[in-house]
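Next come the chains, spelled out residue by residue.
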Protein chains: 2
Amino acid sequence: MSTFKQEPHKLLVIPGPIEVTDEVLYANAYPPVAHTSAEFIPVFGDSIRLTREVLYSKDAQIFIIAGSGTLGWDQIAANLVEAGDSVLVLNSGYFGDSFTECLRAYGAHVDEVRADFGHAVTQAQLEKALSAKKYKLVAFTHVDTSTAVLSDAKMIGETVKRVISDAVCAAASEEIRMDAWNLDVVMTASQKGLGAPPGLSILAASRKAIAVFEKRTSPVAGFYASWKKWIPIMNAYEAGKPMYFATPPVNLVRAYRQSLLEITGGPVSLEERFALHREAAERVKAAATKLGLKMVPASPSVAANGMSAIYLPDGVGVADIVPRMAARGVVVTGGLHKDTKDKYFRIGHMGTTVVNKQRGDIDKVIAVLTDVVNEVKHKQNA
Amino acid sequence: MSTFKQEPHKLLVIPGPIEVTDEVLYANAYPPVAHTSAEFIPVFGDSIRLTREVLYSKDAQIFIIAGSGTLGWDQIAANLVEAGDSVLVLNSGYFGDSFTECLRAYGAHVDEVRADFGHAVTQAQLEKALSAKKYKLVAFTHVDTSTAVLSDAKMIGETVKRVISDAVCAAASEEIRMDAWNLDVVMTASQKGLGAPPGLSILAASRKAIAVFEKRTSPVAGFYASWKKWIPIMNAYEAGKPMYFATPPVNLVRAYRQSLLEITGGPVSLEERFALHREAAERVKAAATKLGLKMVPASPSVAANGMSAIYLPDGVGVADIVPRMAARGVVVTGGLHKDTKDKYFRIGHMGTTVVNKQRGDIDKVIAVLTDVVNEVKHKQNA
């Protein structure tokens, strides 16, 4: 183990990228290796196997591809949608809008069930939509990072059976049981709950989803996102053999593997990790509530555990809070939702920040938030 | 400047990824920052401006997107091709085949001028193809990494006027003058001549190419690769403002910026850098020739300067050479061309390996190659 220590820096508590461990960053600084080398093959193979483990899947096909999380939508649309297919999107915010736009770009007929701001789509709304029309796919955003709204993945999976979950923010911070909950596709990215730097699109497809893909009659609508290209690559690396389609981002994959090893092999089990995220979320929300602030998610049952979206006090803008917190060493961010983005701000509490309590990150977030809100209120009253 | 030193490792001299400097790796290990922060915006902005500088372009639209080099083909096909458009591909190897396949996946009618193995398409072949049919685009691979064949980008640009160059391997190792040579699109990736780890698709499009894009009548065939999405993002960051479409890979962008700063601001000018690549190529090829080995490129005029593809001695396989060189600390790689991949091997000589002579990398490559070939010949004769 190296003695590498990352540069002193402000605490990064946005809904991704997040704080990562010294070991993850050091892996990212490991000298590049040949993507076909005996040294790299097990790094990639482990990453595939451990991704499955984190998502509680026995046999999902895993894709780990250089790209932003957004590329996951293209993977789904290019591989699982054929022009004219009907798709239902359960829209709980900004990312629902984008998911819909992406599906339409690939020729899907998309219907949306739109939740009100701060709400998730309910089972009753979902059942009504399903009874009105037959859909090839139902897609939802597990944690819509724009609002911190958590959708009930288990309920949706049990109600629908064939479900696509955009879990970019949720993976490894919210409980996701891919097989048990009938989730057919889970897509995520490296820089949120999974604890690595950004740059990897990570996607898991069930055998049922792969069967749907294999039965398509029209060609895949794309090249870089084509599972026809990637399935042989992923299977080869998992089996310990190199194969070439596109050069994998070897440094990022090593960093991602390191984070997965910490998540699955550290002193904290996955279940305990989810509990620690719930605990951190409760602490942050309790502190904000104590300051008189309200949450964007309409009730605790639809509130994410990996992040919080918090309404600003009356008469206070994002520019009053975010730069003041940054000046005290804590980086949070403003809203991200076209109608209301100036009315709230967002704090991420994921990964090492919540799991390694000795870092004191959550204490610091709460202390700085309290100071800044009190200062701003004091100024208002002055 | 930090005192970070990368881990001792075998010398990586494949046609990418390549050796990178300590400073580039250290940038990759900088703690993740918020993609919308005042700290990150100039990092991204510099990367855009310096990419233009390296390609000798005044005003090209630059795209720096999380992805493998392969994503560049999708960018071109999704944004510049409309179903039924005719495209001419000048095919000089494996990457020509893939480029064609990608273009066809997006509905292009592709004709190919196929060079023989080890050859580039000639001006006469090109002129004949152009006189027979009108093409919207002409595409070629500047250095086909499968064969080390260098195409004459300047000649092609002057002959055609509207040209797309896949310069994944070539950028910053071969001379590329985008504006002067009438190259309308140059696509590359971070891990070759540009000297950063893999994971960034880098593309430059001329104003003429952007005008073609803007005149398209059908929607862009994709979402993640859509320039409609990325142009506002790139323009915003270059102007010093954040904007969100997909989370940029902040660590990789920082590493890429560091490498560009070294390339454009170091003691070695760009012209000197190209000369050093030519010099290193001559040394490696001369050493191989002295050992009785032949080059895959049919003549020096079509031989790349950033890499060499060298035929194996008679009766010798890739497995006789590559592992023996690796055991002596030098990582080279086998062939990559379906018909002939077992008959040759490839050595990369790009970036810091050729520019920072005090590293002694090329001396080491030549010494180890000489030892291993002599040893294998000796065994054959024994």
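Residues numbered from 1 in each chain as written. Chains lettered and ligands numbered in written order. Predicted model: local features only at pLDDT ≥ 70, side-chain atom pairs only at ≥ 80, totals over all residues. Heavy atoms only, no water.

A. Local environment of the relation of the copies chain A and chain B. When chain A is fitted to chain B, the residual RMSD is 0.0 Å, and the transformation amounts to a turn of 180° plus an axial shift of 0.0 Å. Put plainly, the chains are arranged around a two-fold axis. By C-alpha distance to the rotation axis, the residue of chain A lying nearest is Gly67(A), at 2.2 Å. A shared interface surface links the copies, since 100% of the contact residues of chain A are contact residues in chain B too. (Least-squares fit on C-alpha atoms with pLDDT ≥ 70 in both. Contact = heavy atoms within 4.5 Å.)

B. Region of the structure containing the environment of Glu175(B). Residue and element names in this part refer to chain B. Residue placement: Glu175 occurs in the loop between strand 8 (163–166) and strand 9 (183–189). Owing to a relative accessible area of 31%, Glu175 belongs among the partly exposed residues under this scheme. Residues Glu175 and Tyr56 lie 119 residues apart in sequence; the distance between their C-alpha atoms is 9.5 Å. Not counting residues within four places of it along the chain, the set of residues in contact with Glu175 comprises His142, Trp181 and Phe274. Side-chain polar atoms of Glu175 contact the side chain of Arg177, separated by 2.6 Å. (Helix = DSSP H or I, 4+ residues; strand = E, 2+ residues; numbered from the N terminus. Buried < 20%, exposed > 50% of the residue type's maximum accessible area, 1.4 Å probe, protein only. Polar contact = N/O pair within 3.5 Å; in protein donor to acceptor, adjacent residues only side chain to side chain.)

C. Quick peek at the sheet that holds strand 8 of chain B. All names here are of chain B. Within the open sheet, the 7 strands sit side by side as 2-10-9-8-5-3-4. Their pairing is mixed. Here the strands that pair on one side only, and so sit at the sheet edges, are strand 2 (61–66) and strand 4 (109–114). Shown here is a sheet whose adjacent strand axes are inclined to one another by a mean of 15°, direction ignored. Sheet strands in contact with helix 2 (residues 40–54) are strand 2 and strand 10 (200–205), and its direction is about 125° off that of strand 2. (Pairing = 2+ DSSP bridges. Axes fitted to C-alpha atoms, helices over the stretch in contact; angles between N-to-C directions.)

D. Highlighting the interface of chain A and chain B. On the side of chain B, 56 residues touch chain A, which itself brings 56 residues to the contact. Taking both partners together, chain A and chain B bury about 4300 Å²; carbon and sulfur atoms supply 65% of that area. Seen at the junction of chain A and chain B, the total is 2 salt bridges. Between Lys229(A) and Glu101(B) there is a salt bridge; the shortest N-O distance is 2.5 Å. Our count for the chain A to chain B interface comes out at 13 residue pairs in polar contact (both at pLDDT 80 or more). Of all the secondary structure elements, the ones that give two or more residues to the side of chain A that touches chain B are helix 1 (22–28), helix 3 (71–80), helix 4 (94–105) and helix 9 (250–265) of chain A. (Buried area = accessible area lost by both parts, 1.4 Å probe. Salt bridge = Lys/Arg side-chain N within 4 Å of Asp/Glu carboxyl O.)

E. Layout of the domain arrangement of chain A. All names here are of chain A. What the domain assignment reports for chain A is domain 1 (22–265) and domain 2 (270–381). Here domain 1 and domain 2 have C-alpha centroids that lie 27 Å from each other. In this assembly, 30 residues from domain 1 lie in contact with 25 residues from domain 2. Taken over both partners, the interface formed by domain 1 and domain 2 buries close to 2200 Å², and the fraction arising from carbon and sulfur atoms is 62%. Taken as a group, Phe117, Ala148 and Ser173 account for 25% of the area that domain 1 buries against domain 2, more than any other trio of residues on that side. Taken together, domain 1 and domain 2 are joined by 1 salt bridge. Here Glu271 makes a salt bridge to Arg177, at a shortest N to O gap of 3.2 Å. Counting residues per element, the ones that place at least two in the side of domain 1 that touches domain 2 are helix 2 (41–54), helix 4, strand 7 (149–150) and helix 9. Counting residues per element, the side of domain 1 that touches domain 2 draws most heavily on helix 4, which supplies 3 residues. When the residues that make up the side of domain 1 that touches domain 2 are grouped by side-chain class, the tally is 14 nonpolar, 8 polar and 8 charged. (Domains from an automatic or database assignment. Nonpolar A, V, L, I, M, F, W, Y, C, P; charged D, E, K, R; others polar.)

F. Region of the structure containing the nonpolar core. Within the largest apolar cluster, 227 residues are counted, with the highest numbers of intra-cluster contacts made by Phe63(A) and Phe63(B). Each residue touching Phe63(A), except ones within four places of it in the same chain, is listed here: Gln75(A), Ser201(A), Ile202(A), Leu203(A), Ala205(A), Ile210(A), Trp227(A), Trp230(A), Ile231(A) and Met234(A). Grouped together as the second largest cluster of nonpolar side chains are 32 residues, Leu291(B), Val354(B), Val355(B) and Val372(B) included. (Core = buried A, V, L, I, M, F, W, Y, C linked by side-chain atoms within 4.5 Å.)

G. Representation of the packing of aromatic side chains. Residues and elements named next belong to chain B. One pass over the structure, following the stated rule, counts 36 aromatic pairs over all chains. Aromatic side chains Phe44 and Tyr237 sit 4.9 Å apart centroid to centroid with 55° between the ring planes, which places their arrangement in the tilted category. Within this pair, whereas Phe44 is found in helix 2, its partner Tyr237 is found in helix 8 (residues 227–238), the two being separated by 193 residues in sequence. Overall, Phe44 belongs to the buried group, its relative accessible area being 1%. (Phe/Tyr/Trp six-rings, centres within 6.5 Å; stacked < 30°, edge-to-face > 60°.)

H. Broad picture of the packing of helix 11 (residues 318–327) of chain A against helix 13 (residues 361–381) of chain A. Residue and element names in this part refer to chain A. Remark: helix 11 packs on helix 13, axes separated minimally by 10 Å, with the N-to-C direction vectors making an angle of 135°. Judged by the inter-axis angle, helix 11 sits oblique to helix 13. Crossing angle aside, the handedness with which helix 11 passes helix 13 is right-handed. Between helix 11, through Asp320, Ile321, Arg324 and Met325, and helix 13, the contact on the second element is made entirely by Val365, Val368, Leu369, Val372, Val373, Glu375, Val376 and Lys379. (Parallel < 35°, antiparallel > 145°, perpendicular 65-115°, else oblique. Left-handed = near helix turned anticlockwise from the far one by under 90°.)

I. Broad picture of the UniProt feature "domain: Aminotransferase class V" (unreviewed entry) in chain A. Under the UniProt annotation, "domain: Aminotransferase class V" (unreviewed entry) lies at residues 26–215 of chain A. Helix makes up 34% of residues 26–215 of chain A and strand 23%, and the two end C-alpha atoms of the span are 43 Å apart. (UniProt positions renumbered as here; feature names shortened; annotations may be inferred.)

J. Region of interest: the layout of surface pockets. Of the voids in this model, the largest pocket is the one considered here, and its volume is about 1100 Å³. If you go around the largest pocket, you meet 48 residues; those closest to its centre are Thr333(A), Gly334(A), Arg346(A), Thr36(B) and Pro242(B). Elements supplying a minimum of two residues to the lining of the largest pocket: helix 4, helix 11 and strand 13 (333–334) of chain A together with helix 8 of chain B. The leading source of residues in the lining of the largest pocket is helix 4 of chain A, at 5 residues. The class makeup of the residues in the lining of the largest pocket is 25 nonpolar, 12 polar and 11 charged. If you add up the space inside the second largest pocket, you get close to 810 Å³. What lines the second largest pocket is a set of 37 residues, and nearest its centre among them are Thr36(A), Thr333(B), Gly335(B), Leu336(B) and Arg346(B). For the lining of the second largest pocket, the secondary structure elements donating two or more residues are helix 8 (227–238) of chain A together with helix 4 (94–105), helix 11 (318–327), strand 12 (330–331) and strand 13 (333–334) of chain B. Within the lining of the second largest pocket, the residues separate by chemical class into 21 nonpolar, 10 polar and 6 charged. (1 Å grid on protein atoms, 1.4 Å probe; cavity = no way out; pocket = protein on both sides within 12 Å on 5 of 7 lines; lining within 4 Å. Points joined across faces, edges and corners; volume = space filled by probe spheres on them.)

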